[in-house]
Amino acid sequence: MSDERIPVAVLGAAGYIGQEFVRRLADHPRFDLRILGGTARRKGARLEDLWHLDDPPPEGRANQTLETLGPSALQRRGIRAVFSALPSGIAGPIESELARRGIAVFSNAADHRMDPEVPLLIPEVNGDHLRLADRRPAGRGLLVTNANCSTTGLVLALAPVRELLAPKTVQVTTYQALSGAGLPGVSAMTITDNVVPYIPEEEEKIERETARIFGRLGDGRIAAWPGRILAQCARVGTRDGHLLAVTVEATRRPTRAELERAWTDFDPLGREGLPTAPSPPVLLRREPDRPQPLRDRWAGAPPRARGMAAVVGRIRWEAPYLRFFTLTHNAVRGGAGGSVLNAELVDRRGIALTAGGADG
Ligand SMILES: NC(=O)c1ccc[n+]([C@@H]2O[C@H](COP(=O)([O-])OP(=O)(O)OC[C@H]3O[C@@H](n4cnc5c(N)ncnc54)[C@H](OP(=O)(O)O)[C@@H]3O)[C@@H](O)[C@H]2O)c1
């Protein structure tokens, strides 16, 4: 790992996740954010005029303008890694072309999540899946994706207790915030006084991505986790933070104290010192009415890891059924923050951004 910061770009910088990337990368100790990429209609627009997040744009960035650059222009400008907040469908070919040109991609989009050679990564859970990238041909950029925003919350909350419970089935019902739909968002007439029990493709993503992340890597392939996952998803009128109601049907019988200890002791990245890693990554709340989006979406410490922790509460264990609620910030832990953490893990492990190239 060299001391020099790595030149990076954000693609889709005008969008909700793109802006969250800018907020998290503006003063990052390892990544040097040089380019904000957008569509032609955003070319020359000032960041401040597009800004939708709660705090103002990071210091010194308000006047930075968006540029419209393709993979070859990014390569010419010396960009070594791209943080992609592109819409699914559009992202796929652009990310492939970036990787082909030797630029690493840390993506939020769904397009490459199930590609056999692409790690679908949650660093606390399946860092070993990064080995999938070992077989990249020389000159190719690393491509790493994060999971769907609800999948990330489910996996983080389940990971500490999964071995103890050996689940047969996991049922999850989601209450998903408006920002999960990106900008400009769900129309006020649709969501005011309403709950919409349908988010296209969401249930399928949760089911297949959870099975892949919990899957075992062997022989360069992942054998999907055999537990059954049954998801139901709804859009609700909160701004940020996806709340999940989870019921696990267990085949083992740990005590409640063992389950609680597994959650509170869980801190697999504790010693790695990654800037965006929350320590601990899962927080237990014992009040009868937590977690709540408004009160718990920013859980996570140190300050750079705000919004990166999953909060678990309302735990009920009546074997064989464990029930709990969990909450994660969809745009932070389930979005830009998750991708930045993926990049920090890659950097810390000294995995080459370009196969056959220098570390970094
Ligand atoms: N929102 C979440 O909570 C969340 C969580 C996890 C993952 N994701 C994923 O993250 C990605 C971004 O989501 P989002 O919520 O930020 O959506 P969004 O607010 O709609 O933002 C997408 C942005 O991409 C820009 N764009 C489209 N084509 C482009 C191109 N060829 N080059 C550069 N920019 C381009 C759009 O430009 P214009 O502004 O000009 O239209 C828009 O600003 C999606 O793949 C989504 O599935 C989202």
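Since the structure is predicted, the reported quantities are computational estimates derived from the model, not experimental observations. (Residues numbered from 1 in each chain as written. Predicted model: local features only at pLDDT ≥ 70, side-chain atom pairs only at ≥ 80, totals over all residues. Heavy atoms only, no water.)

1. Considerations on the state of the cysteines
For clarity, the cut-off: By disulfide we mean two sulfur atoms from cysteines, separated by a distance within 2.5 Å. Type-normalised accessible area, obtained with a 1.4 Å probe on protein chains alone, sets the label of each residue: buried when under 20%, exposed when over 50%, and partly exposed for intermediate values.
This structure, assessed with the given rule, holds zero disulfides. The closest cysteine sulfur to the non-disulfide-bonded Cys 149 is located on Cys 233, 9.2 Å from its own sulfur. Since its relative accessible area comes to 3%, Cys 233 is described here as buried.

2. What about the environment of His 112?
This is how it is decided: Only DSSP runs of H or I reaching four residues or more are called helices, and only runs of E reaching two or more are called strands; each is numbered from the N terminus. The contact rule is simple, with two residues in contact once any of their heavy atoms fall within 4.5 Å.
Structurally, the position occupied by His 112 is in the loop between β4 (104-107) and α5 (123-126). Assessed through its relative accessible area of 8%, His 112 is described here as buried. Separated by 33 residues in the primary sequence, His 112 and Thr 145 place their C-alpha atoms 7.0 Å from one another. With sequence-adjacent residues up to four places away left out, His 112 is seen in contact with Gly 92, Glu 95, Ser 96, Val 118, Leu 143 and Thr 145.

3. Brief notes about the sheet that holds strand β13 (residues 321-328)
To keep things clear, this is the line we draw: Strands were regarded as paired on the criterion that DSSP finds at least two bridges between them. Working convention: axes come from line fits to C-alpha atoms, limited for helices to the stretch in contact. Angles between N-to-C directions cover 0 to 180 degrees.
Reading across the sheet, the six strands line up as β9-β6-β10-β13-β12-β11 and stay open at both edges, with mixed pairing between neighbours. The sheet is open, and its two borders are formed by β9 (228-235) and β11 (282-284), each paired with just one other strand. Direction aside, neighbouring strands of the sheet carry axes that sit 20 degrees apart on average. Pairing geometry for strand β6 (residues 167-176) and β9, over eight bridges, is parallel. Bridging from a neighbouring strand, Val 170 pairs with Ile 229 of β9.

4. Notes on the pattern of salt bridges
Test applied: Salt bridges are defined as contacts in which a side-chain nitrogen from Lys or Arg sits within 4 Å of a carboxyl oxygen from Asp or Glu.
Applying the stated criterion to the full structure yields 25 salt bridges. Measuring nitrogen to oxygen at the nearest pair gives 3.5 Å for the salt bridge that ties Asp 240 to Arg 239. With a relative accessible area of 41%, Arg 239 lands in the partly exposed category. One continuous salt-bridge network, built from bridges that share partners, spans Glu 20, Arg 23, Arg 24, Asp 54 and Asp 55.

5. A closer look at helix α12 (residues 332-348)
Definition in use: In a helix, the anticipated span is given by 1.5 Å times the number of residues less one.
Here α12 is 17 residues long, yet its end C-alpha atoms lie only 21 Å apart, well below the 24 Å a rise of 1.5 Å per residue gives. Just beyond α12, the residue with positive phi is Gly 350, at close to 70 degrees.

6. Observations regarding the site of the ligand
Going by this rule: We call a residue near a molecule or strand as soon as one heavy atom of that residue lies within 4 Å of the molecule or strand. Polar contacts, as used here, are pairs of N or O atoms within 3.5 Å; protein pairs need one atom able to donate a hydrogen and one able to accept it. Residues neighboring in sequence count only if both atoms are side-chain atoms. In short, Shrake-Rupley with a 1.4 Å probe defines the accessible areas, and a residue's cover is counted only from the protein chains shown. Classification convention: Asp, Glu, Lys, Arg as charged; Ala, Val, Leu, Ile, Met, Phe, Trp, Tyr, Cys, Pro as nonpolar; all other residues, Gly among them, as polar. Domain start and end points were adopted from an automatic or database domain assignment.
Of all residues adjacent to the ligand, which total 24 residues, the nearest are Ile 17, Thr 39, Arg 42, Leu 86 and Leu 183. Residue Gly 15 places a main-chain N or O atom 3.1 Å away from an oxygen atom belonging to the ligand. A distance of 2.8 Å is found between an oxygen atom of the ligand and a backbone nitrogen or oxygen belonging to Leu 183. Calculation on the ligand without its partners gives an accessible area of 900 Å², and the protein chains cover 82% of this total. Classifying every residue of the shell around the ligand by side-chain character gives 11 nonpolar, 11 polar and two charged. For the shell around the ligand, the domains that each give at least three residues are domain 1 (6-147 + 336-348) and domain 2 (149-329).

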